[in-house]
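# Fold and geometry: a report
Listed here are the chains, written in short residue letters.
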Amino acid sequence: ERISFSFKLITILVALLFAASFAVWAGGQKEKSGSSSSAPTTTLAKIKKQGFINVGFANEDPYGYATSSGKLTGESPEIARYIIHKIAPNVKLEGVLTEFGSLIPGLQAKRFDMVAAGMFITPKRCQQVTFTNPNYTIGEALLVAKGNPKNIHSYKDIANNPNLKMAVESGAVEGGYAKDVGVKQSQLVEVPDPPSGLAAVATGRADAFGLTSVSIQELVIKSGSTKVEVASPFHQPVINGKKLVNYGGFAFRKDETALVKAVNEQLANYIGTPAHLKLVKPFGFTKVNVPPKNVTSAQICAGND
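Along each chain, residue indices are assigned from 1 in the same order as the chain's sequence is written. The predicted nature of this model means local features are confined to residues of pLDDT at least 70 and side-chain atom pairs, given and counted, to a pLDDT of 80 or more, with totals for whole chains, interfaces and linings taken over all residues. Side-chain descriptors were evaluated using all non-hydrogen atoms of the structure, hydrogens and water having been removed beforehand.

Under the scheme used here, helices are H or I runs from DSSP no shorter than 4 residues and strands are E runs no shorter than 2 residues, and both carry numbers assigned from the N terminus. Within the protein chain one finds 12 helices and 16 strands. Accessible area is worked out with a 1.4 Å probe on protein chains only. A residue is then buried under 20% of its type maximum, exposed over 50%, and partly exposed in between. Each of the 305 residues in the protein chain was classed as buried or not, and the buried ones make up 45%. Long-range contacts, defined here as pairs at least 24 residues apart, represent 71% of the contacts in the protein chain between residues at least 6 apart. Residue-level accessible areas treat just the shown protein chains as cover; the underlying method is Shrake-Rupley with a 1.4 Å probe. On the protein chain, roughly 15700 Å² of surface is accessible, and the fraction owed to carbon and sulfur atoms is 57%. Note on contacts: a residue pair is in contact if any heavy atoms of the two residues lie within 4.5 Å.

We call a pair of cysteine sulfur atoms a disulfide when they lie within 2.5 Å. Tallied over the entire structure, the rule returns one disulfide. With its sulfur 2.0 Å from that of its partner, Cys 126 forms a disulfide with Cys 301. Between Cys 126 and Cys 301 the sulfur-sulfur dihedral comes to about -65 degrees; the bridge is accordingly left-handed. Taken together, the positions of Cys 126 in helix H5 (residues 123-126) and Cys 301 in helix H12 (residues 297-301) put the pair 175 residues apart, joining distant regions of the chain.

Our next topic: the environment of Leu 44. Here Leu 44 is to be found in helix H2 (residues 43-50). Distance in space between the C-alpha atoms of Leu 44 and Asp 113 is 9.7 Å, their sequence separation being 69 residues. Leaving out residues up to four positions away in the same chain, Leu 44 has contacts with Ile 87, Ala 258 and Leu 259.

This next bit is on the packing of aromatic side chains. Classification of ring pairs uses Phe, Tyr and Trp, with its six-membered ring standing for Trp, and accepts pairs whose centres are within 6.5 Å; under 30 degrees between planes counts as stacked, over 60 as edge-to-face, and the remaining range as tilted. Under the defined criterion, the tally for this structure stands at six aromatic pairs. Consider the rings of Tyr 63 and Phe 285, whose centres lie 5.7 Å apart with planes at 75 degrees: the pair is edge-to-face. Taken together, the residues Tyr 63 in the loop between strand S1 (52-57) and strand S2 (65-66) and Phe 285 in the loop between helix H11 (274-280) and H12 connect sequence positions 222 residues apart. Side by side, Tyr 63 and Phe 285 carry an identical accessibility label, which is buried. The interplanar angle of 75 degrees and the centroid separation of 5.6 Å between the aromatic rings of Tyr 136 and Phe 285 together place this pair among those described as edge-to-face. Linking Tyr 136 in strand S7 (residues 136-138) with Phe 285 in the loop between H11 and H12, this pair joins segments that are 149 residues apart in sequence. An identical accessibility class is assigned to Tyr 136 and Phe 285; each is buried.

Another aspect to go through is the nonpolar core. Among the nonpolar cores identified, the biggest contains 54 residues, and Leu 142 and Phe 250 are the most heavily contacted of them. Per-element tally for this core: the top contributor is helix H10 (residues 257-270), with six residues. Phe 100, Val 115, Met 119 and Val 295 belong to the second-largest nonpolar core, a separate cluster that totals 19 residues. Working definition of a nonpolar core: buried Ala, Val, Leu, Ile, Met, Phe, Trp, Tyr and Cys residues. They are joined through side-chain atoms within 4.5 Å.

Further remarks concern the pattern of salt bridges. By convention in these notes, a salt bridge is any Lys or Arg side-chain nitrogen within 4 Å of a carboxyl oxygen on Asp or Glu. Considering all chains together, one arrives at eight salt bridges under this definition. Here Lys 222 and Asp 61 are joined by a salt bridge, their closest N and O atoms 2.6 Å apart. Of this pair, Lys 222 sits in helix H9 (residues 213-223) while Asp 61 sits in the loop between S1 and S2, placing them 161 residues apart in sequence. Connected via shared salt-bridge partners are Lys 46, Asp 113, Arg 253 and Glu 256.

What follows concerns helix H3 (residues 75-87). In this model, H3 (13 residues) spans 19 Å end to end at C-alpha, consistent with the 18 Å of a helix rising 1.5 Å per residue. Within the sequence span of H3, burial applies to Glu 75, Ser 76, Pro 77, Glu 78, Ile 79, Ala 80, Ile 83, Ile 84 and Ile 87. Helix span, expected: 1.5 Å multiplied by one less than the number of residues in the helix.

On to the pairing of strand S10 (residues 188-191), then. When DSSP finds two or more bridges between a pair of strands, those strands are recorded as paired. Bridge analysis of strand S9 (residues 166-169) against S10 gives four bridges, and the strand direction is parallel. Residue pairing across strands places Glu 169 opposite Val 191, the latter belonging to S10. Every crossover in which the path from the first strand over the helix to the second runs clockwise, viewed with the strands pointing away from the viewer, is termed right-handed. Following the backbone out of S9, through helix H7 (residues 174-180) and into the adjacent parallel S10, one traces a crossover that is right-handed.

The next point concerns the sheet that holds strand S12 (residues 228-230). With mixed pairing, five strands are arranged side by side in an open sheet as S10-S9-S11-S8-S12. Pairing within the sheet leaves two strands with one partner each, and these edge strands are S10 and S12. This sheet shows a mean twist of 30 degrees between the axes of neighbouring strands, independent of strand direction. Across the sheet, helix H8 (residues 194-202) touches strand S8 (140-145), S9, S10, strand S11 (208-212) and S12, and the angle it forms with S11 is around 150 degrees. In this analysis, axes come from line fits to C-alpha atoms, helices being fitted only over the stretch in contact, and the angle between any two N-to-C directions falls in the range 0 to 180 degrees. Its contacts with the sheet place H9 against S8, S11 and S12, and it is angled at close to 120 degrees to S11.

Okay, structure coming up:
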């Protein structure tokens, strides 16, 4: 009977221990389940919850740059600020500065969730990221030495003279455009940013610097340099029989379909309106920079723009 009593006592203690262990396990599972269900499942949900979105920019005036006080501004961030506010009123933009050539790798590595740097939509880039529909269109330009002593008025002029050097921003499209019209790799001088391109021309390290027309104009005005000027007239590059037309948009990671869709819906109702034109006017953009409504990122990515 003593053995029987001891056995019963042990059985009861084991049962109690098992019950206690099960309760702890069940509680842990419930806690995990609860935390999982409350965690944001998309970037759109995440930014709404945290109240901000990290935005990559390359300090290129007038597309996206930081003021002396540290404010992120420019044509692209200001439109992004408006659009994101329409999607999620509590979400603010937090700028993440990086070189232009590191914007796509930084986006893919999740250093930021959006690129607002006036980046051109190109078929090659479309393989790496998802672009929104364009928020502007623009042509190219060349920065040359004062008086244009080498008589440079096009990329083709550089291709026709192997002694000429052309500065291009690392990671930007101008290097590819130059090669498309016959400029040799040995003629290209890569620079990290627009001010470095201006310096290359001003010091004679390069004979020209290729960038978009608005960028070149703003660069000359704000630098105050008397050693350079905008090449005029300038003939736009002709690639594959077509005069070059550039379109810029916002870039997101490949899986951000919900966020891209939401941004595109807002862009469709905003780009080209009086409010939009007023917003971008201080950055040198006008009606001529408004892309046609029938041009989409899908068409540009497919090379059918």
